[in-house]
Amino acid sequence: MRQFGKLIKTLSLLAGAGIVLLGVIWLVVAASGAVKTGQAFAFIVGAAFLVVAIPFLVFPFSSRLAKVLAVLVLLMLALAMLWFAFRPGTPIDRPVLAQVGAIAFAVLLFARVGLALHRKRSGLGT
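Draft legend 1. Inspection of the layout of surface pockets at higher detail. In this structure, the second largest pocket spans a volume of roughly 380 Å³. Looking at the second largest pocket, it is lined by 13 residues, and the ones nearest its centre are Ile-44, Ala-48, Met-76, Leu-77 and Ala-80. Looking at the lining of the second largest pocket, the elements with two or more residues in it are helix 2 (39–58) and helix 3 (63–85). Considering each element in turn, the lining of the second largest pocket owes the most residues, seven residues, to helix 2. Taken together, the residues that form the lining of the second largest pocket break down as 13 nonpolar, no polar and no charged.

Laid out in C-alpha cells, this is it:
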C-alpha cells in the first residue's frame, strides 16, 4: 500500500511539472510577440496554468495544503466563469445555458466547501 502512495505522489509531481512547463511555454510565446491579438489574454492563460499547477506540486509534501490550494483554484475558476458569463460592456448575446452553468458551479462549490467546513467544526467529520 505504501508503494501506491508513492506512485500517486510521483504522478502528482510529474503532472504539476508538466502543467508548469505548459504555462511557462505559453508565457514565453506570449512575451515573444508571436501572439498578435489577445496578448493580455495569453498572459492570463499562462499565469492560470501556473496557478493550476501549484496544488499538484504541493501534494507530495502536504496533502492538507494541497486541498486548500485546490479549493482556492476552484474558487478562482468559479469567479472567472461568473465574470465571463455576465461580463459587462460586451454587446454579444450570452447563452442562458452558460450563465446557468456558471451560477450552478459557483453555488455548488460554495455549498460543498461551506458544508465541509461546518462538518469539520461540529466534529461530525473524521
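Continuing now.
Draft legend 2. Spatial organisation of the packing of helix 3 against helix 4 (residues 96–122). Running from N to C, helix 3 and helix 4 cross one another at 155°; their axes reach a closest spacing of 9 Å. The angle between helix 3 and helix 4 places the two elements in the roughly antiparallel class. The interaxial crossing formed by helix 3 with helix 4 has left-handed handedness. Side by side, helix 3 and helix 4 meet where Val-71, Leu-74, Leu-75, Leu-77, Ala-78, Met-81, Leu-82 and Ala-85 of the first sit next to Ala-98, Gln-99, Gly-101, Ala-102, Ile-103, Phe-105, Ala-106, Leu-109, Phe-110 and Val-113 of the second.

Draft legend 3. Here's a closer look at the packing of aromatic side chains. Counted by the stated rule, this structure contains two aromatic pairs. Relative to Phe-49, the ring of Trp-26 has its centre 5.5 Å away and its plane inclined at 45°; by these criteria the two rings are tilted. Of this pair, Trp-26 sits in helix 1 (residues 2–32) while Phe-49 sits in helix 2; the two residues are 23 residues apart in sequence, bridging distant segments of the chain. Arranged with centres 5.1 Å apart and planes meeting at 70°, the rings of Trp-83 and Phe-84 form a pair that is edge-to-face.

Draft legend 4. Structural view of the packing of helix 2 against helix 3. For the pair helix 2 and helix 3, interaxial distance at closest approach is 7 Å and the crossing angle is 155°. If you check the angle between helix 2 and helix 3, you find them roughly antiparallel. At the point where helix 2 passes helix 3, the crossing takes the left-handed sense. Contacts between helix 2 and helix 3 pair Phe-41, Val-51, Val-52, Ile-54, Pro-55 and Val-58 from the former with Leu-65, Ala-66, Leu-69, Ala-70, Val-73, Met-76 and Phe-84 from the latter. Residues of the contact of helix 2 with helix 3, tallied by class, amount to 13 nonpolar, no polar and no charged.

Draft legend 5. Just helix 2, in detail. Across its 20 residues, helix 2 extends 30 Å between first and last C-alpha, which sits within 8% of the 28 Å expected from 1.5 Å per residue. Lining the buried residues of helix 2 we find helix 1 and helix 3.

Draft legend 6. Broad picture of helix 3. A rise of 1.5 Å per residue sets the reference length of helix 3, with its 23 residues, at 33 Å; its end C-alpha atoms lie 32 Å apart and thus fit the reference within 8%. When helix 3 is considered as a whole, its buried residues turn out to be Ala-66, Val-73, Leu-75, Ala-78 and Ala-85. Those residues of helix 3 that are buried are in contact with helix 2 and helix 4.

Conventions adopted
Residues numbered from 1 in each chain as written. Predicted model: local features only at pLDDT ≥ 70, side-chain atom pairs only at ≥ 80, totals over all residues. Heavy atoms only, no water. 1 Å grid on protein atoms, 1.4 Å probe; cavity = no way out; pocket = protein on both sides within 12 Å on 5 of 7 lines; lining within 4 Å. Points joined across faces, edges and corners; volume = space filled by probe spheres on them. Helix = DSSP H or I, 4+ residues; strand = E, 2+ residues; numbered from the N terminus. Nonpolar A, V, L, I, M, F, W, Y, C, P; charged D, E, K, R; others polar. Axes fitted to C-alpha atoms, helices over the stretch in contact; angles between N-to-C directions. Parallel < 35°, antiparallel > 145°, perpendicular 65-115°, else oblique. Left-handed = near helix turned anticlockwise from the far one by under 90°. Contact = heavy atoms within 4.5 Å. Phe/Tyr/Trp six-rings, centres within 6.5 Å; stacked < 30°, edge-to-face > 60°. Expected span 1.5 Å × (residues − 1). Buried < 20%, exposed > 50% of the residue type's maximum accessible area, 1.4 Å probe, protein only.

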